Structure formats: C-alpha cells, structure tokens
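Structural description and commentary
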Amino acid sequence: MSFKNFPMVPRVVYGRGSAEQIEEIAEPIRKNGYPIIYFADHCFENKSLAHHIPVKRNDKIIFIDTSEEPKTSYVDKIRDDLKEEFGKISGIIGYGGGSVMDMTKAVSLMMTNPGSSADYQGWDLVKNEGVYHAGVPTLSGTGAEVSRTCVLTGPVRKLGMNSDFTPFNQVILDPNLTQGAPKDQAFFTGMDCYIHCIESLNGTFLNAFSKSYGEKALELCKKNYLEKAEWDDESNEDLMMASWHGGMSIAYSQVGVAHALSYGLSYILGIKHGVGNCIAFDQIEEYYPEGVHDFKKMVDKFQVEIPKNVCAHLSDNEMNKMVQVALNLVPLWENALGKNWKEKINENTLRELYEKM
Ligand code: NAD
Ligand code: ZN
C-alpha cells in the first residue's frame, strides 16, 4: 500500500473531571471475571489520584517506576507477573505521562503475543491484537495518547512497537490531571509537542493532513508558551489538545533532527525524551531557524535550565555509538533533509553537533 491506512483511537472522553467517569468506562470491559489492571505512575502512590481509581474485586493497581524510560525487560517482567497471578486479564488502564502510556500499550500487546517485547520493536511485527487498553495522560506533550507506537529501550535499540494494534481503545483527556506536574517536567514534555510541530511542519513528508493538525498544535503552543502573560487553567486545557494534535500531525509525517539526536542521547546517556529533545533543539538553529529562535525565548520566559555539556565526558567509542544510533533513524533524516539527506549530514556533522550539547 503506498498510502498509510492507519488506525485512530476509537473513543475519547474530554473535559475537566472526566477521569471521574472511569468506573462507568471500565465496567463494560470486564470479561469473564478477569481483573482490570490499572497502571499508575509511581509518583501517584499514596496520592489522591490513586485513591480515585475504582479498584474492585480482583482488580489491581501496579505503580510503574518511571525513573528510567520504559525498557523491554520491564514490559516482559510485568507481563510475566500478570500471567502468573491471573492467567488472563480484562484490560489495562494507564495513568501517567508518555512512559506509563507506552508501558500500558506494550504490556497489553505482550499479553497476547509470545516471546519478548524486544522481538516486536519495529514496524508491523505484532501479530495479535492486545488486550483492551486505555490511556489517561497526566502530562501533556508526547502525543503518546494518539500514536501508533510505544517507545521501548531494548537490548539492541530504542524503538517503538509500531503496529495497528498499538493505539489505545480509549483515551480520557482530563486537564485536571496535568495540573500538579512540576514546572520543569511539564515544560520539557510540552516542548516535545512544540518540537513535533516544528519537525513535522518543516519536513519534506508534510501534507495537508499533517499540516492542519500541526498548525493547530503550534498555534496552541505559541499562545501559551510565548504570548500569554501567565500559565493558567486554560493553558492546561490547550496543551492537552496541542499534544493530541501534535501526535496526529506526526502520524502522517515524521519527526526530524532533534528527535534523531535525542534518541542518541537517550540510548547512550539515559537522558529522558523531553529533556533530550530540548538539549538537541537548542543547538540546531541551522536546521530550524525560526523554531529554535522561539524556543530560546520560551526557555527564558519559563526560566528552565537546559542541561549543558552532557557529552563532555563521553569516550570515543560512546560518541561513535551515539552518532550511529542517530544516523540509523533513516525516516527522520529523510523527512528533515529530503531523499538526498546523506549528502547533507554525516558522522562528522553529528559529532560536531553532539560536542556542542
Ligand atoms: P514521563 O512519563 O517519563 O514522566 C516524567 C516524570 O514526570 C516522571 O518522573 C513522572 O513520575 C512524573 N509525572 C508524570 N505525571 C505527573 C504529574 N501529573 N504530576 C507530577 N509528576 C508527574 O514523561 P513524558 O515526557 O510524558 O514521557 C516521556 C516518554 O514518552 C518517553 O519514554 C518517550 O520515549 C515516550 N514518548 C512516546 C511517544 C509515543 O508516541 N508513544 C511519543 C513521544 C514520547
Ligand atoms: Zn517526541
């Protein structure tokens, strides 16, 4: 097929307080007495959000450790534990940022597909539909709530399980849930959305579908990060929708230079996606002059510290590996620089960029 025929999230609830409707949403998915499993970011342990999760009968909450980004080994371990404890489950509902959303998608797929999640890192390798999975974002920006992937770090690569079975069956968008996020974290994740827009709108894969979503998302980001005097309740609502639209925009295009570089930073240094994007984006004015110019203004306005000199202590070996990880992301370079991207960028250009970070 030459045109992508991709699935979208079939059900979405939006509104302040909509997460309170969870019981109504969860009850009909209960099958043959199998439990509903709730994943919640570990930051919600003993917090009011966790107390609002309607755990009933044999249901269970699992607090997901997000101190590192999701690993294939962690996905496999939770899948094995769930199979051992329950055999089958009715579904998984995940509360958190991109990490928990990706864990929810991945474990749901691994409940019905044999082997390790590492076997499915790539495109269209997943054979069977997963168990029911729903996402409830508590940070806005990654677009993981709408995307067809769940990004995992495996033994050999950091790559998502991209498949038609990956998108959520249900998403609940409740802006109240993003309200308490720490300022810097919310900024880094919000910038993920802003960078998705810049990379999509300036990419060679752009088409009217991506453009319509990307422009809306960018408008909402600029309104709240540049134009408005202060962040307010409406900003949380706007960012939740910007994240959604930004995710839709890259569904039919691709990300670009910052994401390619950020994947390298993450693989070698364990730097998280949002921060890594910011570290990279700060140094690539040459590729996205206007986008980076506005980004620097946002960083100043929100008084966020972008880590510096993160590559200063890398060995030659590590640097080479990082450059290779980034260079291997062919579709990202092709989107950013066109079919002849290899004429425009090589190991040396990447190394020089990394040395500035
Ligand atoms: P995250 O989920 O990794 O969370 C970052 C931190 O914020 C964690 O410490 C967490 O405990 C905390 N946190 C989350 N919600 C909070 C809240 N409401 N209040 C207080 N603290 C809160 O951050 P993220 O930026 O949302 O997600 C990054 C992940 O998303 C990466 O693993 C990345 O690979 C993935 N990602 C996936 C896609 C996709 O399409 N699937 C797209 C982009 C990024
Ligand atoms: Zn991203």
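Residues numbered from 1 in each chain as written. Chains lettered and ligands numbered in written order. Predicted model: local features only at pLDDT ≥ 70, side-chain atom pairs only at ≥ 80, totals over all residues. Heavy atoms only, no water.

Labelled according to an unreviewed UniProt entry, the protein chain appears under the name Iron-containing alcohol dehydrogenase, originating from Moheibacter lacus.

1. Section: the sheet that holds strand 7 (residues 151–153)
The strand order across the open sheet formed by three strands is 5-8-7, and the pairing between neighbours is mixed. The sheet is open, and its two edges are formed by strand 5 (122–123) and strand 7, each paired on a single side. Looking at chain direction, strand 5 and strand 8 (residues 158–162) are connected through two bridges and run parallel. Counterpart to W123 in the pairing with strand 8 is N162. (Pairing = 2+ DSSP bridges. Helix = DSSP H or I, 4+ residues; strand = E, 2+ residues; numbered from the N terminus.)

2. Re unusual backbone geometry
Although it is not a glycine, Q303 sits at a positive phi angle of roughly 50 degrees. Of note, Q303 is situated in the loop between helix 10 (289–302) and helix 11 (316–327). The exposure class assigned to Q303 is exposed, which follows from its relative accessible area of 66%. A positive phi is found at N309, a non-glycine position, where the angle reads about 55 degrees. Inspection of the secondary structure puts N309 in the loop between helix 10 and helix 11. Of the residues examined, N309 reaches a relative accessible area of 56% and is grouped as exposed. (Buried < 20%, exposed > 50% of the residue type's maximum accessible area, 1.4 Å probe, protein only.)

3. Brief notes about the pattern of salt bridges
All chains considered together, the criterion is met by 27 salt bridges. With a shortest N-O distance of 2.8 Å, D232 and K228 are connected by a salt bridge. On the accessibility criterion, D232 (34% relative accessible area) is partly exposed. Notably, a salt bridge pairs E234 with K228, separated by 3.2 Å at the nearest N-O pair. Residue classification places K228 among the buried residues on the basis of a relative accessible area of 17%. A single salt-bridge network, built from bridges that share partners, covers E23, E27, R30, K56, R57 and D59. (Salt bridge = Lys/Arg side-chain N within 4 Å of Asp/Glu carboxyl O.)

4. Here we look at helix 11
Along its 12 residues, helix 11 runs 16 Å from first to last C-alpha, staying within 8% of the 16 Å computed at 1.5 Å per residue. For helix 11, every residue scored as buried is listed here: M319, M322, V323, V325, A326 and L327. In this fold, the buried residues of helix 11 make contact with helix 8 (257–269), helix 12 (330–337) and helix 13 (347–356). (Expected span 1.5 Å × (residues − 1). Contact = heavy atoms within 4.5 Å.)

5. Topic: the coordination of the zinc ion (ligand 2)
The protein atoms that coordinate the zinc ion (ligand 2) are D192 (OD), H196 (NE2), H259 (NE2) and H273 (NE2), at distances spanning 2.1 to 2.2 Å. Coordination geometry of the zinc ion (ligand 2): the four donor atoms subtend angles of 88 to 171 degrees at the metal centre, consistent with an arrangement described as irregular. Read in sequence order, the donor residues coordinating the zinc ion (ligand 2) give the pattern D-x3-H-x62-H-x13-H. You can see H196 sitting in helix 5 (residues 183–201) and its partner H259 sitting in helix 8, a full 63 residues away along the chain. We classify H196 as buried; its relative accessible area is 4%. (Donors = N, O, S within 2.8 Å, 3.2 Å for Na, K, Ca; no water. Tetrahedral: all angles 85-135°; square planar, octahedral: opposite > 155°, others 65-115°.)

6. A few points about the packing of aromatic side chains
One pass over the full model with this rule turns up 14 aromatic pairs. An angle of 65 degrees between the planes, with centres 5.4 Å apart, marks the rings of F6 and Y252 as edge-to-face. With F6 in the segment before strand 1 (11–14) and Y252 in the loop between helix 7 (233–251) and helix 8, this residue pair connects regions lying 246 residues apart in the sequence. A single burial state applies to F6 and to Y252, both of which are buried. Each member of the aromatic cluster is reached from another via a ring pair, and the members are F187, F188, Y225, W231 and F302. For the cation-ring pair, K4 lies above Y252, with the distance from its terminal atom to the ring centre recorded as 5.7 Å. (Phe/Tyr/Trp six-rings, centres within 6.5 Å; stacked < 30°, edge-to-face > 60°. Lys NZ or Arg CZ within 6 Å of the ring centre and 35° of its normal.)

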